[in-house]
Amino acid sequence: MQVDHLEVKGRTLVSVPGYSEQVEVGVLTSFAYPLEDGSGEIVVATTRPETMLGDTAVAVHPDDDRCMHPAPCLAAMACCGQSISAAVRLLLSDV
């Protein structure tokens, strides 16, 4: 496997061995986990949204004013507009 270090500043098309077309990297995607108690949602951003299906927790810094929810609490995982039977735990972490 060939691995190159490439620093990107945003959306970038990259040639990848084995792919006939360039692959887009450097895209930040945001999505929300609705809180199971209906009191709001937790918005997260990632460059790898495909990994959300494996999420088991979301860590939030206790001093982050954007998160005023008590922790630990549960958020529902939603995919393609459909809730699926999985819960994501909201944790406070200053690490």
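Everything in this summary refers to the structure shown in the same document. (Residues numbered from 1 in each chain as written. Predicted model: local features only at pLDDT ≥ 70, side-chain atom pairs only at ≥ 80, totals over all residues. Heavy atoms only, no water.)

Comments concerning the nonpolar core
Membership of the largest hydrophobic core is limited to 12 residues, which are Phe31, Tyr33, Leu35, Ile42, Val44, Met52, Val58, Val60, Cys73, Ala75, Val88 and Leu90. Counting only elements with at least two residues in this core, the list comes to strand E3 (29-34), strand E4 (41-46), strand E5 (57-60), strand E6 (73-79) and strand E7 (82-92). (Core = buried A, V, L, I, M, F, W, Y, C linked by side-chain atoms within 4.5 Å. Buried < 20%, exposed > 50% of the residue type's maximum accessible area, 1.4 Å probe, protein only. Helix = DSSP H or I, 4+ residues; strand = E, 2+ residues; numbered from the N terminus.)

With respect to a nonpolar patch on the surface
Taken together, the side chains of Leu6, Val8 and Val25 make up a nonpolar region of the molecular surface, amounting to roughly 210 Å² of accessible area. Checked against the element boundaries, Leu6 lands in the segment before strand E1 (12-14). (Patch = residues over 30% accessible without salt bridge, like charges linked within 9 Å, V, L, I, M, F, W, Y side chains within 5 Å. Areas by Shrake-Rupley, 256 points an atom, 1.4 Å probe, with all protein chains shown as cover. Salt bridge = Lys/Arg side-chain N within 4 Å of Asp/Glu carboxyl O.)

Re the pattern of salt bridges
Counted by the stated rule, this structure contains 2 salt bridges. Here Lys9 and Glu7 are joined by a salt bridge, their closest N and O atoms 3.1 Å apart. Across the pair Glu24 and Arg11 runs a salt bridge whose closest N-O atoms are separated by 3.5 Å. Linking Glu24 in strand E2 (residues 23-25) with Arg11 in the segment before E1, this pair joins segments that are 13 residues apart in sequence.

Function cannot be read off these values alone, since they describe shape.
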